[in-house]
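# A structural walkthrough
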Amino acid sequence: MKIGLTGSIACGKSTVSAYLQALSIPVVDADAISRALTAPGGEALPALRKAFGDRVFLGDELDRRALAALVFSNERERERLNALLHPRIREQIVRGLCAHAGALVVGDIPLLFECGMETLFDRVWVVTASRETQIARLRARDGLSRDEACARIDAQMPQEEKIRRADAVIDSNGSIEETRRQVDRLLSQLDERSSR
């Protein structure tokens, strides 16, 4: 069984992903793949330098802050970045899912619907939070202004659309324990289905 886990920025998806890993469920993490591709020596760096130039680099290293500022303020630049990274990320996600064929495996993919990756999974779970919760988390986590936080939220597919397209919704507005209980319920439903 392959579960696609997604959610908008600062919605608590990482909390759910970490809990699943703590339960010894394998998670293929798109963000970790992206970080590896863009780390020093990463295979995507030459293409990024060619596309965006030195303005998003500090020496040989990618300046992630500069790149984020650029792509979250310019849709065309964001599309160019996605066109460079997404095929490479998808390839490694498929490889990771295949490594766990026949078992329960989760793909943690923020842009799952945007990249058309829902077709890789049997079910899709979306993690949600209110807009004000997202803004507060982004400001606390990344030190963003309210306007910067709103720009990042608005650059993504609306949560309502993700909810409409998902098989299950995990509401992370409450405590971490409440979020984990929702995950436990979804996992028990999977167990009930597989035992029928």
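Up top is the structure.
Residues numbered from 1 in each chain as written. Predicted model: local features only at pLDDT ≥ 70, side-chain atom pairs only at ≥ 80, totals over all residues. Heavy atoms only, no water.

### Some words on the pairing of strand E6 (residues 123–128)
The side chains of a regular strand alternate between both faces of the sheet. Taking burial as the measure, the six residues of E6 include six buried ones, the bulk of the element. Side-chain alternation along E6 places Arg123, Trp125 and Val127 on one buried face and Val124, Val126 and Thr128 on a second face that is also buried. In the sheet, strand E1 (residues 2–7) pairs with E6 via five bridges, with the strands oriented parallel. Of the residues in E6, the one forming a bridge with Gly7 is Val127. (Buried < 20%, exposed > 50% of the residue type's maximum accessible area, 1.4 Å probe, protein only. Helix = DSSP H or I, 4+ residues; strand = E, 2+ residues; numbered from the N terminus. Pairing = 2+ DSSP bridges.)

### Notes on the packing of aromatic side chains
Taken as a whole and assessed by the stated rule, the structure comprises zero aromatic pairs. Positioned over the ring face of Phe57 is Arg49, at 4.0 Å from the centre of the ring. (Phe/Tyr/Trp six-rings, centres within 6.5 Å; stacked < 30°, edge-to-face > 60°. Lys NZ or Arg CZ within 6 Å of the ring centre and 35° of its normal.)

### A word on the nonpolar core
Ranked by internal contacts, the top residues of the largest apolar core, which has 31 residues, are Phe52 and Ile93. With five residues, the single largest contributor to this core is helix H5 (residues 75–98). Counting 16 residues, the second-largest nonpolar core is a separate cluster that includes Ile3, Val27, Ile170 and Leu190. (Core = buried A, V, L, I, M, F, W, Y, C linked by side-chain atoms within 4.5 Å.)

### Points about unusual backbone geometry
For Ala10, which is not glycine, the phi dihedral falls at a positive 60°. Inspection of the secondary structure puts Ala10 in the loop between E1 and helix H1 (13–22). With a relative accessible area of 11%, Ala10 lands in the buried category. The phi dihedral of Ser24 is positive, around 70°, even though this residue is not glycine. Relative to the assigned elements, Ser24 resides in the loop between H1 and strand E2 (27–29).

### Focus on the packing of helix H3 (residues 45–52) against H5
Contact geometry of H3 with H5 gives a least axis separation of 11 Å together with a crossing angle of 165°. Taken together, the axis directions place H3 and H5 in an arrangement best described as roughly antiparallel. When you trace H3 past H5, the crossing you get is right-handed. Residue-level contacts link Ala47, Leu48, Ala51 and Phe52 of H3 to Glu77, Arg80, Leu81, Leu84 and Arg88 of H5. Of the residues assigned to the contact of H3 with H5, the class counts are six nonpolar, no polar and three charged. (Axes fitted to C-alpha atoms, helices over the stretch in contact; angles between N-to-C directions. Parallel < 35°, antiparallel > 145°, perpendicular 65-115°, else oblique. Left-handed = near helix turned anticlockwise from the far one by under 90°. Contact = heavy atoms within 4.5 Å. Nonpolar A, V, L, I, M, F, W, Y, C, P; charged D, E, K, R; others polar.)

### Looking at the pattern of salt bridges
Summed over all chains, the structure comprises 13 salt bridges. We note a salt bridge from Glu77 to Arg80, for which the minimum N-O separation is 2.7 Å. Note that Glu77 and Arg80 are positioned in helix H5 at a spacing of three residues, about one turn of the helix. For Arg146, the salt bridge identified is with Glu132, shortest N-O distance 2.7 Å. You can see Arg146 sitting in helix H7 (residues 146–154) and its partner Glu132 sitting in helix H6 (residues 131–142), a full 14 residues away along the chain. Each of Glu118, Glu161, Arg164 and Arg165 takes part in a single network of salt bridges with overlapping partners. (Salt bridge = Lys/Arg side-chain N within 4 Å of Asp/Glu carboxyl O.)

So yeah, pure geometry; function would need other evidence.
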